Amino acid sequence: MPRLAISRDALLLCRRCGVLHPLALDGVDGDSAEAHAFALDLQLFRCTHASHSLDLVRRLPAPAISDRPVWDPMATTWFQVAAGSEVLWVRSSRSSISAARQREVAAAPPAMTRSRVDVDARLLRSALDRHFYPHVIRPHKLDCFVRLVQELIEKLDPPGLATSFDDAELANAGIAPFPETLCALLLRGCADIFDEWELAKVAQFVGAHRYEDGALALRVATEPAPPTT
């Protein structure tokens, strides 16, 4: 079955109206109803703006900004495109779940600041507890371990953390691995919490869970900047 040889990164920009339309959809069968509907919408866009100046622009890989989680179809997102040497912000939104998504040039996205790094404390506590099974670890030791992790990540510079993928449950948040540079500090602090035989188990846990898919993974959230007065 034929497929549309297209990329979501390519869009047409009408300079006069300040609106955009993607040139293609990713991974859509060329003879599907969705593909035909998309082709008609693109043709209508071309006809409507035929007498205007249409530019081919490319979406940039810079992270988008969203007012809702990435899975929410009603999310409004802001992303950047390159029009030659010019970089423009684009606002993508829809008025209802059944309405087509509209894309327009925006003056700027909402003011944002990357300011928060945290860890899923409940998941971390539960995962360490399971790691010790069938042995039982005292609750206060679990609490001390989680608190130590939180104290260490408080000193991190959020913009310096490279996220691996988006957090599906929180807008403008990504998941990053626990920094390797903090692992030694974490294990050093654990010497004051755990018995000697427990330290080997804790070291195994840190080694296995420090990656972006582990219980020590960090959530790096970008939040609205505080209003200026």
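Residues numbered from 1 in each chain as written. Predicted model: local features only at pLDDT ≥ 70, side-chain atom pairs only at ≥ 80, totals over all residues. Heavy atoms only, no water.

Description of the pattern of salt bridges
- Here the structure, examined in full by the defined rule, presents nine salt bridges.
- Two residues, Asp 143 and Arg 125, come together in a salt bridge whose shortest N-O distance is 2.8 Å. Taken together, the residues Asp 143 in helix 3 (residues 139-153) and Arg 125 in helix 2 (residues 121-131) connect sequence positions 18 residues apart.
- The partly exposed category is assigned to Arg 125, whose relative accessible area is 30%.
- One salt bridge connects Asp 195 with Lys 141, and the closest N-O pair in it is separated by 3.4 Å. Residue Asp 195 is found in the loop between helix 4 (180-190) and helix 5 (196-209), and its partner Lys 141 is found in helix 3; the two are separated by 54 residues along the sequence.
- For Asp 195, a relative accessible area of 39% gives the class partly exposed.
- Linked by salt bridges that have partners in common, Arg 15, Asp 55 and Glu 86 make up one network. (Salt bridge = Lys/Arg side-chain N within 4 Å of Asp/Glu carboxyl O. Helix = DSSP H or I, 4+ residues; strand = E, 2+ residues; numbered from the N terminus. Buried < 20%, exposed > 50% of the residue type's maximum accessible area, 1.4 Å probe, protein only.)

A word on helix 1 (residues 33-48)
- The end-to-end C-alpha distance of helix 1, which contains 16 residues, comes to 22 Å, matching closely the 22 Å that a straight helix rising 1.5 Å per residue would cover.
- Those residues of helix 1 that sit buried are Ala 35, Phe 38, Leu 42 and Phe 45. Considered in projection along helix 1, the buried side chains sweep an arc of 85° and stay on one side of the axis. Exposed and facing more than 90 degrees away from the buried side of helix 1 are Ala 33, Leu 40, Leu 44 and Cys 47. (Expected span 1.5 Å × (residues − 1). Arc of directions from axis to C-beta.)

Focus on the pairing of strand 2 (residues 19-22)
- Bridge count between strand 1 (residues 10-14) and strand 2: four bridges; the pairing is antiparallel. Within the sheet, the bridge partner assigned to Leu 13 lies in strand 2 and is Leu 20.
- Where strand 1 hands over to strand 2, the hairpin turn is made up of four residues, of which Gly 18 adopts a positive phi near 70°.
- The pairing of strand 2 with strand 7 (residues 102-106) spans two bridges and is classified as antiparallel. (Pairing = 2+ DSSP bridges.)

Some details on the packing of helix 2 against helix 3
- Running from N to C, helix 2 and helix 3 point in directions that differ by 130°, and their axes come no closer than 10 Å. Viewed along their axes, helix 2 and helix 3 adopt a mutual orientation that is oblique. Taken as a pair, helix 2 and helix 3 cross one another with a handedness that is right-handed. Together, Ala 121, Leu 124, Arg 125, Leu 128 and Asp 129 of helix 2 and Pro 139, Leu 142, Asp 143, Phe 145, Val 146, Val 149 and Gln 150 of helix 3 make up the contact between the two elements. (Axes fitted to C-alpha atoms, helices over the stretch in contact; angles between N-to-C directions. Parallel < 35°, antiparallel > 145°, perpendicular 65-115°, else oblique. Left-handed = near helix turned anticlockwise from the far one by under 90°. Contact = heavy atoms within 4.5 Å.)

Some remarks on the pairing of strand 5 (residues 77-83)
- By the criterion of burial, strand 5 is predominantly enclosed, with six of the seven residues buried.
- Relative to strand 5, strand 4 (residues 65-66) is paired through two bridges, and the arrangement is antiparallel. In the strand pairing of strand 5, Ser 66 is matched with Thr 77.
- Note that strand 5 and strand 6 (residues 86-93) share seven bridges and pair antiparallel. Pairing of Phe 79 across the sheet is with Val 90, part of strand 6.
- Between strand 5 and the antiparallel strand that follows it, strand 6, lie two residues; Gly 84 among them carries a positive phi value of about 70°.

A closer look at the nonpolar core
- Of all hydrophobic cores here, the largest spans 31 residues; its most connected members are Leu 124, Phe 145, Val 149, Ile 153, Phe 178 and Leu 186.
- If you list the elements that add at least two residues to this core, you get strand 8 (112-119), helix 2, helix 3, helix 4, helix 5 and strand 11 (218-224).
- Per-element accounting of this core gives the leading share, seven residues, to helix 3.
- Apart from residues no more than four positions distant in its own chain, Phe 178 is found in contact with Val 149, Ile 153, Cys 183, Leu 186, Arg 210, Leu 216 and Leu 218.
- Formed by nine residues, the second largest nonpolar core is a distinct cluster that contains Leu 11, Leu 20, Ala 83 and Val 90. (Core = buried A, V, L, I, M, F, W, Y, C linked by side-chain atoms within 4.5 Å.)

Section: the packing of aromatic side chains
- Within the structure shown, the criterion is met by four aromatic pairs.
- Consider the rings of Phe 132 and Trp 197, whose centres lie 6.1 Å apart with planes at 80°: the pair is edge-to-face. Separated by 65 residues along the polypeptide, Phe 132 in the loop between helix 2 and helix 3 and Trp 197 in helix 5 bring together distant segments of the chain.
- Centroid distance Phe 145 to Phe 194: 6.2 Å. Interplanar angle 65°. Geometry classified as edge-to-face. With Phe 145 in helix 3 and Phe 194 in the loop between helix 4 and helix 5, this residue pair connects regions lying 49 residues apart in the sequence.
- A network of ring pairs unites the aromatic residues Phe 132, Phe 145, Phe 194, Trp 197 and Phe 205 as a single cluster.
- Sitting over the face of the ring of Phe 79, Arg 59 holds its NZ or CZ atom 4.1 Å from the ring centroid. (Phe/Tyr/Trp six-rings, centres within 6.5 Å; stacked < 30°, edge-to-face > 60°. Lys NZ or Arg CZ within 6 Å of the ring centre and 35° of its normal.)

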